[in-house]
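Each chain is listed here by its residues.
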Amino acid sequence: MLGRKSGWTLSARAFQRLLDWLDEGVSSDGQKYLEMQRRLASYFDRKDCALPDELADETLNRVARRLEEEGGVIESDAPARYCYIVARFVFMEHLREARRNGQAPLDDARAQARAVHASPPGETDEKEFAEKRLNCLEQCMEELKPPNRTLILRYYTGRQRIKIENRRALAEELSLTMNALSIRACRIREKLEACVRRCAGAA
């Protein structure tokens, strides 16, 4: 039920439902969402994940999908508790993906590539795959239209509070709401991930 759902994307309506659910009846103008994203990123950071913010975003996207399926209401748990339950599933899947067939998820491509020369000699295949994924990521970034490349790079720049402030500034520059910016970044990232999978899987 909490796994990835092929073909599902975060719509403006689904994102608004997520904001309303996190606010619990009292509008926070998106502050509850930003706080939950920060707390989830800290959770994944404590688990030593390479890019915890992306896993936090994945967690919130899954919660938004569940809310859409349930008509905007999840009664089993309070918002924060339910988000952490989903986060644990995301973390376990993240570990499984990283171990499956020597593959690493997109989130870990840069971290693995940085560790290539420090790895033991017996890990040649894994090192080569990490390097391949990094090369694919760079190639796929170049294939993006310049505005999309700039947006996705700036969207994921910084950590925690700095990243939030960067996103606010970016949304203001582009005359977008935080909601619209999040959706646009999500779609660009999905294209990047699909491109990297195709590239890395090519013989």
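Quick note: structure is the one above.
Residues numbered from 1 in each chain as written. Predicted model: local features only at pLDDT ≥ 70, side-chain atom pairs only at ≥ 80, totals over all residues. Heavy atoms only, no water.

(A) Layout of the pattern of salt bridges. As enumerated under the stated definition, the model contains eight salt bridges in all. As a salt-bridge pair, R62 and E58 come within 2.6 Å of each other at their nearest N and O atoms. With a gap of four residues between them, R62 and E58 both fall in helix α3 (residues 52-69), about one helical turn apart. Under the relative-accessibility criterion, R62 is labelled buried at 4%. In this structure, E69 and R65 form a salt bridge, with 3.5 Å as the shortest nitrogen-oxygen distance. Pair noted here: E69 and R65 are both in helix α3, with a separation of four residues, about one helical turn. According to the relative accessible area criterion, E69 is partly exposed, its value standing at 40%. (Salt bridge = Lys/Arg side-chain N within 4 Å of Asp/Glu carboxyl O. Helix = DSSP H or I, 4+ residues; strand = E, 2+ residues; numbered from the N terminus. Buried < 20%, exposed > 50% of the residue type's maximum accessible area, 1.4 Å probe, protein only.)

(B) Structural detail: the state of the cysteines. Considering all chains together, one arrives at two disulfides under this definition. The disulfide bridge from C136 ends at C199, spanning 2.1 Å between sulfur atoms. Between C136 and C199 the disulfide shows an S-S torsion of about -75°. By sign, it is left-handed. Note that C136 is positioned in helix α6 (residues 124-143) and C199 in helix α9 (residues 178-201), a separation of 63 residues in sequence. With relative accessibility at 19%, the residue C199 sits in the buried group. At a sulfur-sulfur separation of 2.0 Å, the disulfide partner of C140 is C195. Because the torsion about its S-S bond is -85°, the bridge between C140 and C195 counts as left-handed. Linking C140 in helix α6 with C195 in helix α9, this pair joins segments that are 55 residues apart in sequence. (Disulfide = S-S within 2.5 Å.)

(C) Seen up close, the nonpolar core. Formed by 30 residues in total, the largest nonpolar core has its most connected members in L18, W21, Y33, F44, V63 and C83. At the level of secondary structure, the elements contributing two or more residues to this core comprise α1 (12-23), α2 (31-46), α3 and α4 (79-99). No other element matches the seven residues that α2 contributes to this core. In this structure, F44 is in contact with C49, P52, L55, A56, T59, A87, V90 and F91, ignoring residues within four places of it in sequence. (Core = buried A, V, L, I, M, F, W, Y, C linked by side-chain atoms within 4.5 Å. Contact = heavy atoms within 4.5 Å.)

(D) Region of the structure containing the environment of I152. Here I152 is to be found in helix α7 (residues 146-155). A C-alpha to C-alpha distance of 9.0 Å links I152 and R184, two positions 32 residues apart in sequence. If we skip the residues at most four places from it in the chain, I152 touches M141, L144, A185, I188, R189 and L192.

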